[in-house]
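The primary structure of each chain is shown beneath.
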Amino acid sequence: MGLTILLCAFVICVVMGIPIAFALGVAALVTAMYQGIPELIVFQRMVAGINVFSLLAIPFFIFAGEIMMRGGIALRLVRAAESLVGQVRGGLGLVNVLTSMLFGGISGSAVADTSALGSVMIPMMRERGYDDDYTVNVTVTSSIAGVLIPPSHNMILYALAAGGGVSITSLFIAGVVPGILLCLCLSLAAYVIAVRRGYPTGVFPGWRAVVFAMGAALPGFMTAVIIIGGVVSGVFTVTESAAIGVIYALIVTAVFYRSLSWQAFRDSVTQAIRTTAMVMILVGTAQAFSYFITLYQVPSAILAGMQALSENKIVLLLLINISLLVLGMFMDMGALILICTPIFLPVAKALGVDPVQFGMILMMNLGLGLTTPPVGPCLFVGCAIAKVRIESVVGTIWPFYLAILAALLLTTYVPVISLGLPHLFGY
């Protein structure tokens, strides 16, 4: 009965339009009252969930991403990518994917990726004869690279939800290969569609122009290199690297590029504060909600239910993927990470899946949810930038969904994709 009250209270709050962060808190509070647990316990769980040192990295990563989004780094990455692959048929589609991969490693946010690159790539592709649905589909789906390729604040949330037993550094390293694999699958889909539609080819600008474009983009891209290199080498902790990333981003955009205006800086600060506040409230209430999930032994019940359907590991992992894909269509990614990790991680571990590998499976699943209706924020942002209706885009986006699903299945059933690089670095 307590579990029923917990879930029903949460669903009712969501249906009423209450933000998910508050819905989680209300559900936990109502359940505590039913169980006779002092309400103080709920607030203690919320405070304990937020009072984690590693969470300090999140506001720094968010702030660094906001500065880079408004500081002109995205445009320079687009020019560098175009100089390399723009001459291929439908080359701007490949440029879009490649730039998303590079920018995702800087911003760490799929929504920021869609917003920053979409404002540059969508008008450019439209001007050169690309259809609106194609430009939005490529921009939106390639933005998922931002939740896989480090630094990603979503991986910090996963490490927290996993109970601290998963190294953030190992997650950062593990995200590189699945992120590249995802972009390769999307590039193939983008190229095939471009050939079938007869999109134009570009002109190779010459190696001198390539070197110049790469040189202009290098200072911005070095942000990711400094952050990841410092963490992997042990020079910085994740939190320290995030703070250094902010300082470096300020120097590059304000001093080197001279493209960060005072108004843009103020907007970056304001948006970073808002996003951080939303994330921290969500973390706190999700921890209180997860307390009751653990109390009612939900992971054990789910594992028993799945094993009643099948004992085959392949089938059980497929069921987990389907569950995450369906949930990702209706809820925010951050909330799902905090809710689903305590539920599905024990199940995955019981099946012999490494927690780091499951983190990559979770990220790719929920990243796909950012691009699917009815909630998908990246899809809404991309359509808003292009000024097109979602209905006109969703009808032709399925080849890109298939590409993401192909990368997801490979990541799920080939552990070396996620674990090879961490093991190589000794994690």
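So, how was this worked out
Residues numbered from 1 in each chain as written. Predicted model: local features only at pLDDT ≥ 70, side-chain atom pairs only at ≥ 80, totals over all residues. Heavy atoms only, no water. 1 Å grid on protein atoms, 1.4 Å probe; cavity = no way out; pocket = protein on both sides within 12 Å on 5 of 7 lines; lining within 4 Å. Points joined across faces, edges and corners; volume = space filled by probe spheres on them. Nonpolar A, V, L, I, M, F, W, Y, C, P; charged D, E, K, R; others polar. Patch = residues over 30% accessible without salt bridge, like charges linked within 9 Å, V, L, I, M, F, W, Y side chains within 5 Å. Areas by Shrake-Rupley, 256 points an atom, 1.4 Å probe, with all protein chains shown as cover. Salt bridge = Lys/Arg side-chain N within 4 Å of Asp/Glu carboxyl O. Helix = DSSP H or I, 4+ residues; strand = E, 2+ residues; numbered from the N terminus. UniProt positions renumbered as here; feature names shortened; annotations may be inferred. Buried < 20%, exposed > 50% of the residue type's maximum accessible area, 1.4 Å probe, protein only. Contact = heavy atoms within 4.5 Å. pLDDT = per-residue confidence, 0-100. Phe/Tyr/Trp six-rings, centres within 6.5 Å; stacked < 30°, edge-to-face > 60°. Lys NZ or Arg CZ within 6 Å of the ring centre and 35° of its normal. Core = buried A, V, L, I, M, F, W, Y, C linked by side-chain atoms within 4.5 Å.

Peer 1: What am I meant to see in empty space enclosed by the protein here?
Peer 2: Where empty space is left becomes clear once a probe the size of a water molecule has been rolled over the atoms. Taken as a whole and judged by the stated rule, the model has one cavity of 30 Å³ or more. Volume-wise, the largest cavity comes out at about 30 Å³. Gly328, Met331, Asp332, Met333, Leu366, Gly369, Leu370, Val375 and Pro377 together form the lining of the largest cavity. Looking at the lining of the largest cavity residue by residue, the class counts come to six nonpolar, two polar and one charged.

Peer 1: For this particular structure, what's the right way to read a nonpolar patch on the surface?
Peer 2: On the surface, Ile314, Leu318, Ile322, Val326, Met329, Phe330, Val375, Leu409 and Tyr413 cluster together to form a nonpolar patch covering roughly 750 Å² of accessible area. When residues of the nonpolar patch are traced back to their parent elements, those giving at least two are α17 (313–328) and α22 (398–413). At four residues, α17 tops the list of elements feeding residues into the nonpolar patch. Along the chain, the position of Ile314 falls in helix α17.

Peer 1: In this structure, what is going on with the UniProt feature "transmembrane region" (unreviewed entry) in the chain? I would like to understand it.
Peer 2: The UniProt record marks residues 47–69, 171–194, 206–236, 242–260, 272–294, 314–345, 366–388 and 400–421 with the feature "transmembrane region" (unreviewed entry), using the residue numbering of this structure. Across residues 47–69, helical content stands at 74% and strand content at 0%; the span's end C-alpha atoms are separated by 32 Å. Helix makes up 91% of residues 400–421 and strand makes up 0%, while its end C-alpha atoms are separated by 26 Å.

Peer 1: Just checking my understanding: could you explain the environment of Phe256 for this structure?
Peer 2: You can see Phe256 is positioned in helix α14 (residues 238–256). On the basis of relative accessible area, Phe256 is assigned to the exposed category, the value being 54%. Sequence separation between Phe256 and Gly202 is 54 residues, and the spatial gap between their C-alpha atoms is 30 Å. Excluding its chain neighbours within four sequence positions, the residues that come into contact with Phe256 are Pro219 and Ile251.

Peer 1: What is the right way to read the confidence of the model for the chain from this model?
Peer 2: Note: predicted coordinates in regions of low pLDDT should not be interpreted at a detailed level. Overall, the predicted model of the chain reaches an average pLDDT of 85, with 99% of residues at or above 70. Per-residue pLDDT, averaged within each element of the chain, yields its smallest value for helix α16 (residues 298–309) (77) and its largest for α22 (95).

Peer 1: I tried to follow the pattern of salt bridges on my own but got confused; where do I start?
Peer 2: When the charged atoms of two side chains lie near each other, side chains of opposite charge can form a pair. A complete count under the given rule lists five salt bridges for this structure. With a closest N to O distance of 2.2 Å, Glu66 and Arg70 form a salt bridge. Here Glu66 pairs with Arg70, and both are found in helix α4 (residues 57–70), just four residues apart, close to one helical turn. A salt bridge links Arg389 to Glu391; its shortest N-O distance comes to 3.6 Å. Of the two residues, Arg389 and Glu391, neither departs from the other in class, the shared state being exposed.

Peer 1: Any chance you could explain the packing of aromatic side chains here in plain terms?
Peer 2: Aromatic ring pairs are reported here in terms of the distance separating the ring centres and the angle at which the planes meet. Under the criterion given, the structure shown has 12 aromatic pairs. With centroids separated by 4.9 Å and ring planes inclined at 55°, the aromatic side chains of Tyr134 and Tyr199 adopt a geometry described as tilted. Residue Tyr134 is located in helix α8 (residues 132–142), and its partner Tyr199 is located in the loop between α12 (176–197) and α13 (207–233); the two are separated by 65 residues in the primary sequence. Each member of the pair, Tyr134 together with Tyr199, is buried. Of the aromatic side chains, those joined through ring pairs into one cluster are Tyr130, Tyr134, Tyr199 and Phe400. One residue, Arg76, lies across the ring of Tyr257, its end atom 3.8 Å from the ring centre.

Peer 1: Is there a simple way to explain the environment of Tyr158 in this structure?
Peer 2: Its place among the elements puts Tyr158 in helix α10 (residues 153–161). The class of Tyr158 is buried, set by a relative accessible area of 0%. Sequence-wise, Tyr158 and Val356 are 198 residues apart; in three dimensions their C-alpha atoms are separated by 9.8 Å. Every residue in contact with Tyr158, bar those within four places of it in the chain, is listed here: Val166, Leu171, Ile337, Thr341, Leu345, Pro355, Phe358, Gly359, Leu362 and Met363.

Peer 1: Please explain the nonpolar core as it appears in this structure.
Peer 2: Nonpolar side chains tend toward joint burial in soluble globular proteins. Formed by 148 residues in total, the largest nonpolar core has its most connected members in Phe10, Tyr134, Ile156, Tyr158, Ile320, Phe358 and Phe400. The contacts of Phe358, once residues within four sequence positions are left out, are Tyr158, Ile320, Phe344, Leu345, Ala348 and Val353.

Peer 1: Could you clarify how one ought to interpret unusual backbone geometry in this entry?
Peer 2: With the exception of glycine, most residues fall at negative phi, and the peptide bonds are largely trans. Even without a glycine there, the phi angle at Arg258 is positive, about 55°. With respect to the secondary-structure elements, Arg258 resides in the loop between α14 and α15 (262–295). Since its relative accessible area comes to 72%, Arg258 is described here as exposed. For Lys387, which is not glycine, the phi torsion reads 60° and is therefore positive. Following the sequence through the fold, Lys387 ends up in the loop between α20 (377–386) and α21 (390–394).

Peer 1: I would appreciate a short explanation of the layout of surface pockets in the present structure.
Peer 2: The volume enclosed by the largest pocket comes to roughly 910 Å³. What lines the largest pocket is a set of 32 residues, and nearest its centre among them are Val111, Thr275, Met278, Val279 and Asp332. Elements with a contribution of two residues or more to the lining of the largest pocket: α2 (20–35), α4, α7 (110–127), α10, α15 and α18 (333–350). A per-class count over the lining of the largest pocket returns 20 nonpolar, nine polar and three charged. Roughly 280 Å³ of volume is contained in the second largest pocket. Contributing to the lining of the second largest pocket are 14 residues, with Leu7, Phe289, Ile293, Ile339 and Ile343 lying nearest its centre. Contributing elements (two or more residues each) for the lining of the second largest pocket: α1 (2–15), α15 and α18. When residues in the lining of the second largest pocket are grouped by element, the largest group, five residues, is from α18. For the lining of the second largest pocket, the residue count by class is 14 nonpolar, no polar and no charged.

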